[in-house]
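Overview (structure and organization)
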Amino acid sequence: MAATKSSNQNADGPEIPFDVVIAGAGYAGLAMALALKTSLPDMKVGIIDPRDPRAPSEDQRSSAIAASGRNLFQALGVWDDMVSAAEPIREMIVTDSETGDAVRPVFLTFAGDADSAAPFAHMVPNQVMVHTLAVAAENRGLEFLPPGRVTHFSLDGPVQRLTLSTGKIIMTRLLIAADGVRSALRQLAGIRTVGWQYGQSAIVCTISHTEPHHGRAWEHFLPAGPFAILPLPSKGDQHRSSLVWTEADGDAKRLVAGDEFTFRMELERRIGHELGTLSLASPRQSFPLGLMVARDFVRPRFALLGDAAHGIHPIAGQGLNLGLRDVAALAETLVDAARLGLDFGTLDVLQNYERWRRADTVQMAATTDILNRLFSNNLPPIRLARTFGLGLVNRMPGLKKRFIGEAAGFSAQPKLLQGELI
């Protein structure tokens, strides 16, 4: 790609080491790097993170990858390396009850495939997803900088001048911040956010159970918040599921720090006997929950990506998929600009990405916020209203099909989400 090669030359002559530097080697940063290198092999892309993403991770979470996210991974050539660790979600059952209710009426079910070929989502362990993306990115020429952080950056003509925690100074045409919901780079860029904390934490772990899940996901709306059981592949004769359990911050801390017997008893109160005998298959972890949306997604030669741009409640399981939509939109914006010979780091180019992603992000943030407030309480009038609403949706196949399409991500337009290379 001659345009990109020549763009690495300053007017004064010195070589600029990178076209793009990505700060953050989670799923969003790695997928972004891979998307750029797949479409523009000659583009110089570097990534920096405090830890090496190719090393073993302690992250116990698993994520629901919507059909559009699966399309993106297939287009990038990594889905075949993830699918052996993936479990399709073929049915979703929603209940609304008290914690100790012996009978939990089913108010809403989603069953069937998102299209004729595949389920509307797959569960994939985060460890597998990140490692697969990291290996693929390295194989295609991504440069992993020594573990560290970008501690300062400043606009220096047509480049960003980056100071790293290792003491090294490098230059890049574009800095992409994919450093998480508490993004230090977002703060350094002076980008303000809108949001609040919920006073809730998500407890996550993997559980084993003696009865099969049959690809069924459960979401129980309990007074403290949603309680989700999501299918994972079996290991030997042990069936497994991923748990995402919302509780008030103090209760979550107590449950994670407490003994395993008490934790298992509390689990059984909420799950019942549908899955047989339960046991823990991983350490317990908890993560505070809140809402955060950046007021701006871009600055000159700077862009926010994934959780650095937005953080939402996991009630709809769409946080990762929202980030993959960012990846698809930003990659297409940059690649199209580069192929036209444009300077892709300029504000007018980057604002195309911001316009593309703003409405979808705000809509999803508002939806998850309203759902959490609606279902994380036990007021009788609200319970009655939501029970009626769930039952109404369940009796309207056309509306349910639309919800499945939204959950699968089919409303998003970037090429990668449709399984096409840019």
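Residues numbered from 1 in each chain as written. Predicted model: local features only at pLDDT ≥ 70, side-chain atom pairs only at ≥ 80, totals over all residues. Heavy atoms only, no water.

1. A few points about the overall build of the chain
Threshold: Under the DSSP-based scheme used, a helix requires at least four consecutive residues in state H or I and a strand at least two consecutive residues in state E, with every element numbered from the N terminus. Throughout this description, buried means an accessible area under 20% of the type-specific maximum (1.4 Å probe, protein chains only), exposed means over 50%, and partly exposed covers the range between.
Within the chain, the secondary structure is distributed over 12 helices and 20 strands. In the chain, which comprises 422 residues, the proportion classed as buried is 54%.

2. Let's talk about the nonpolar core
As a reminder, the rule being used: To form a nonpolar core, buried Ala, Val, Leu, Ile, Met, Phe, Trp, Tyr and Cys residues must be joined to one another through side-chain atoms within 4.5 Å. By definition, residues are in contact when any of their heavy atoms lie within 4.5 Å.
In terms of nonpolar packing, the biggest core is built from 79 residues, with Met32, Phe73 and Leu133 touching the most fellow members. With 11 residues, helix H9 (residues 319-339) is the largest single contributor of residues to this core. Among residues more than four places away in sequence, those in contact with Met32 are Ile22, Ile176, Leu305, Val327, Leu330, Ala331 and Leu334. Counting residues in hydrophobic clusters, the runner-up holds 25 residues, among them Leu230, Leu232, Val293 and Ile312.

3. What to know about the packing of aromatic side chains
Selection rule: Side-chain rings of Phe, Tyr and Trp, where Trp is taken by its six-membered ring, are said to pair if the distance between their centres is within 6.5 Å; with planes under 30 degrees apart they count as stacked, over 60 as edge-to-face, and otherwise as tilted.
Inspection of every chain in the model, using the stated rule, returns four aromatic pairs. Ring plane angle 45 degrees and centroid distance 5.2 Å describe the contact between Trp245 and Phe263, whose orientation is recorded as tilted. Taken as a pair, Trp245 in strand E15 (residues 238-248) and Phe263 in helix H8 (residues 260-271) lie far apart in primary sequence, 18 residues in all. Judged on exposure class, the residue Trp245 and its partner Phe263 are both buried. Considering the side-chain rings of Phe297 and Tyr353, the 6.4 Å spacing of their centres and the 45 degrees angle between planes classify their relative orientation as tilted. Separated by 56 residues along the polypeptide, Phe297 in the loop between strand E17 (285-294) and strand E18 (298-299) and Tyr353 in helix H10 (residues 347-375) bring together distant segments of the chain.

4. Notes on H8
Applied cut-off: Given the number of residues in a helix, its expected span is that number minus one, multiplied by 1.5 Å. Read the arc as the range of directions from the helix axis to the C-beta atoms. Whenever two N or O atoms come within 3.5 Å, that pair is a polar contact, provided that in protein one can donate a hydrogen and the other can accept it, and provided that, for residues adjacent in sequence, both atoms are side-chain atoms.
Spanning 12 residues, H8 covers 16 Å between terminal C-alpha atoms, matching the ideal 16 Å at 1.5 Å per step. Of all the residues in H8, the buried ones are Phe263, Glu266, Leu267, Arg270 and Ile271. Viewed end-on, H8 has its buried residues packed into an arc of 130 degrees, placing them on one side of the element. Where H8 is buried, its residues meet strand E12 (193-209), strand E13 (216-222), strand E14 (225-235), E15, helix H7 (249-257) and strand E16 (278-280). Where H8 begins, the capping side chain belongs to Asp259, and its oxygen is found 3.2 Å from the backbone nitrogen of Phe261.

5. Notes on H10
Selection rule: Bending is quantified residue by residue as the angle between axes fitted to the seven-residue window ending at that residue and the seven-residue window starting at it.
For H10, built from 29 residues, the straight-helix expectation of 42 Å at 1.5 Å per residue is met to within 8% by its first-to-last C-alpha distance of 41 Å. Approximately 35 degrees is the largest bend angle found in H10, and it occurs at Arg357.

6. Points about the pattern of salt bridges
Pairing is possible between side chains that carry opposite charge, provided their charged atoms lie close to one another. To be explicit about the condition: By convention in these notes, a salt bridge is any Lys or Arg side-chain nitrogen within 4 Å of a carboxyl oxygen on Asp or Glu.
Summed over the entire model, instances satisfying the criterion amount to 15 salt bridges. The partner of Asp360 in a salt bridge is Arg357, with the nearest N and O atoms 2.8 Å apart. Of this pair, Asp360 and Arg357 are both found in helix H10, three residues apart, which corresponds to roughly one turn of the helix. Note on accessibility: Asp360 and Arg357 belong to one class, buried. Because the salt bridges share partners, they merge into one network encompassing Glu247, Glu266, Arg269 and Arg270.

7. A word on the sheet that holds strand E4 (residues 87-89)
So the rule is basically this: For two strands to count as paired, DSSP must find a minimum of two bridges between them. Each axis is a line fitted through C-alpha atoms, taken for helices only over the stretch in contact, and angles between the N-to-C directions span 0 to 180 degrees.
Strand order in this open sheet of three strands is E3-E7-E4, and the pairing throughout is antiparallel. Each edge of the open sheet is held by one strand with a lone partner, namely strand E3 (62-66) and E4. Strand-to-strand twist across the sheet, computed as the mean angle between neighbouring axes with direction ignored, equals 35 degrees. For E3 and strand E7 (residues 121-125), the ladder comprises five bridges, and the chain directions are antiparallel. Each residue of the ladder has a partner; that of Ile65, found in E7, is His122. Sheet strands touched by helix H3 (residues 67-75): E3 and E7. Its angle to E3, the strand with the most contacts, is close to 90 degrees. Strands E3 and E7 of the sheet are contacted by helix H5 (residues 126-139), whose axis makes an angle of about 85 degrees with E7.

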